[in-house]
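If you want the building blocks of each chain, they are given just below.
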Amino acid sequence: GRIPVLLLKTPDAEPDSLPRVFDATCTHFDCTVAYDSEENRIVCHCHQGYYDVDGKEDGGPPPRPLTRFFSRKRNNGKLVIALEPENLEKAFENS
C-alpha cells in the first residue's frame with residue numbers, strides 16, 4: 001500500500017542538508033500528521049498528538065515516535081527514500 005511521507009527541512013537546517021523523512025502516519029490512530037512552522041513541531045490534529053522535529057513523541061496520545069525513512073541524494077539531485085538501510089544501499093548499487 002501507499003505510505004504518506006513527510007519531508008521536513010526546518011528553517012534552522014543547513015542549506016545543503018537533506019530533509020528529514022518520516023512516515024506521516026500518527027502512531028496513535030493512523031491520522032496524517034503535518035509540520036507546524038509556528039510551533040516548530042509535527043502535529044496530529046485528530047487527537048492533538050505532537051512530535052518534535054526528530055519525530056519523537058512530544059505530547060498527547062502518540063505511544064511511539066514516527067517511523068523515520070533513510071534517504072540519500074543521487075548525483076542527479078533526486079532524493080531516494082527507503083524504509084530499510086539495506087534497501088537504500090541496493091538502490092545505489094550499479095549507479
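As a reminder, the structure under discussion sits directly above these lines.
Calculation criteria
- Residues numbered from 1 in each chain as written.
- Predicted model: local features only at pLDDT ≥ 70, side-chain atom pairs only at ≥ 80, totals over all residues.
- Heavy atoms only, no water.
- Disulfide = S-S within 2.5 Å.
- Helix = DSSP H or I, 4+ residues; strand = E, 2+ residues; numbered from the N terminus.
- Buried < 20%, exposed > 50% of the residue type's maximum accessible area, 1.4 Å probe, protein only.

Student: Whenever I open this one, the state of the cysteines confuses me. Can you help?
Tutor: Note: disulfide means a covalent bond formed between the sulfur atoms of two cysteine side chains. Under the defined criterion, the tally for this structure stands at one disulfide. Here Cys31 pairs with Cys46 through a disulfide, and the sulfurs are 2.2 Å apart. Between Cys31 and Cys46, the S-S torsion sits near -110 degrees, and that sign places the bridge as left-handed. Separated by 15 residues along the polypeptide, Cys31 in the loop between strand 2 (20–23) and strand 3 (34–36) and Cys46 in the loop between strand 4 (41–44) and strand 5 (49–51) bring together distant segments of the chain. For Cys46, a relative accessible area of 41% corresponds to the partly exposed category. Note on Cys44: no disulfide assigned, nearest cysteine sulfur contributed by Cys26 at a separation of 3.8 Å.

Student: What is the right way to look at unusual backbone geometry in this model?
Tutor: Peptide bonds are, in most cases, trans, and in most cases residues other than glycine have a negative phi. Phi is positive for Asn40, close to 50 degrees, though the residue is something other than glycine. Residue placement: Asn40 occurs in the loop between strand 3 and strand 4. Within the chain, Gln48 stands out as a residue other than glycine whose phi angle is a positive 55 degrees. Relative to the helices and strands, Gln48 resides in the loop between strand 4 and strand 5. A relative accessible area of 47% places Gln48 in the partly exposed class.

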